[in-house]
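# Fold and geometry: a report
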Amino acid sequence: MSTIADNLSTLAARISVAAEAAGRAPSDIRLLAVSKTKPAAAVREAFAAGVRDVGENYLQEALNKQGELTDLPLTWHFIGPIQSNKTRAIAEHFDWVHSVDRLKIAQRLSEQRPEGLEPLNICLQLNVSGEASKSGCTPEELPALANAIAALPRLRLRGLMAIPEPTDDRAAQEAAFSRVRELQDSLGLSLDTLSMGMSHDLEAAIAQGATWVRIGTALFGARDYGQP
Ligand SMILES: *Cc1c(COP(=O)(O)O)cnc(C)c1O
């Protein structure tokens, strides 16, 4: 069985090869370790191997893990669906949110971001695959929403996040990611982040400009949702 450190070096190699194939510097692509369903001990092991950024989907699970890892200088990213009644805790306990897709949620995060902290880094989630996903704004909603979020005082809009419909077809993967990049470019805002690419499609995402790849399975192993 491979360890998290082994998995991380395999991922670093995959990222380097994909970056070089795209004529990009490997250091322009950052790995977000997605630890949903995994214990705090696994995050601690990932930290020891060099991980500094951790992504979580469920608020209570994330807060529990943060409580067990207060001794580590980790940067926490919220990447799951956001209910209105969770925005205050997210604004207080995370540095990045990748899954904003409604103005109401962005306004609450801005109002609730504590003054003593840096503005909250935001990626606007875009639904690139139509009906395949319920989360994410539509390409039609994107320009107005991006401009409104960019104007909120306690947020810093960094770019877009997308989760295209899973496919093994490399050309289809790249087509979806390239659409995200083109839509981001068409906004004309100065955005520096594209959060796209997961364990199975990080190469295609890097080819199309990803700056964060969000990796769960390839780092921590398969998730088991069957256990309580
Ligand atoms: C679970 C999850 C990931 C990681 O997916 P893997 O396929 O396990 O790498 C990335 N992004 C989001 C939003 C997720 O929910």
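Structure's up top.
This section reports on the structure supplied with the text. Being a predicted model, the structure only gives us computed values, none of them experimental.

Turning to the pairing of strand S4 (residues 96-100), a few remarks are in order. Burial analysis of S4 places five of its five residues in the buried class, which makes it a mostly covered element. Of the pairings in the sheet, the one linking strand S3 (residues 75-78) to S4 comprises two bridges and is parallel in character. Residue pairing in the sheet places His77 in a bridge with Trp96 of S4. Across three bridges, S4 lies against strand S5 (residues 120-126) in parallel orientation. For Trp96, the partnering residue across the bridge sits in S5 and is Asn121. The parallel pair S4 and S5, bridged by helix H5 (residues 103-112), forms a crossover whose chirality is right-handed.

Our focus in this paragraph is the nonpolar core. By size, the foremost hydrophobic cluster in this structure holds 63 residues, and its most contacted members are Leu31, Val97, Leu109, Ile122, Leu124, Ile149 and Leu219. Here Leu109 is in contact with Thr87, Ile90, Ala91, Val97, Val100, Leu120, Ile122 and Leu155, once residues within four sequence places are set aside. The next biggest cluster of nonpolar side chains, apart from the first, holds seven residues, and it includes Ile79, Trp96, Cys123 and Trp212.

The rules behind these values
- Residues numbered from 1 in each chain as written.
- Predicted model: local features only at pLDDT ≥ 70, side-chain atom pairs only at ≥ 80, totals over all residues.
- Heavy atoms only, no water.
- Buried < 20%, exposed > 50% of the residue type's maximum accessible area, 1.4 Å probe, protein only.
- Helix = DSSP H or I, 4+ residues; strand = E, 2+ residues; numbered from the N terminus.
- Pairing = 2+ DSSP bridges.
- Right-handed = clockwise from strand over helix to strand, strands pointing away.
- Core = buried A, V, L, I, M, F, W, Y, C linked by side-chain atoms within 4.5 Å.
- Contact = heavy atoms within 4.5 Å.

In short, shape yes, function no, at least from these values alone.
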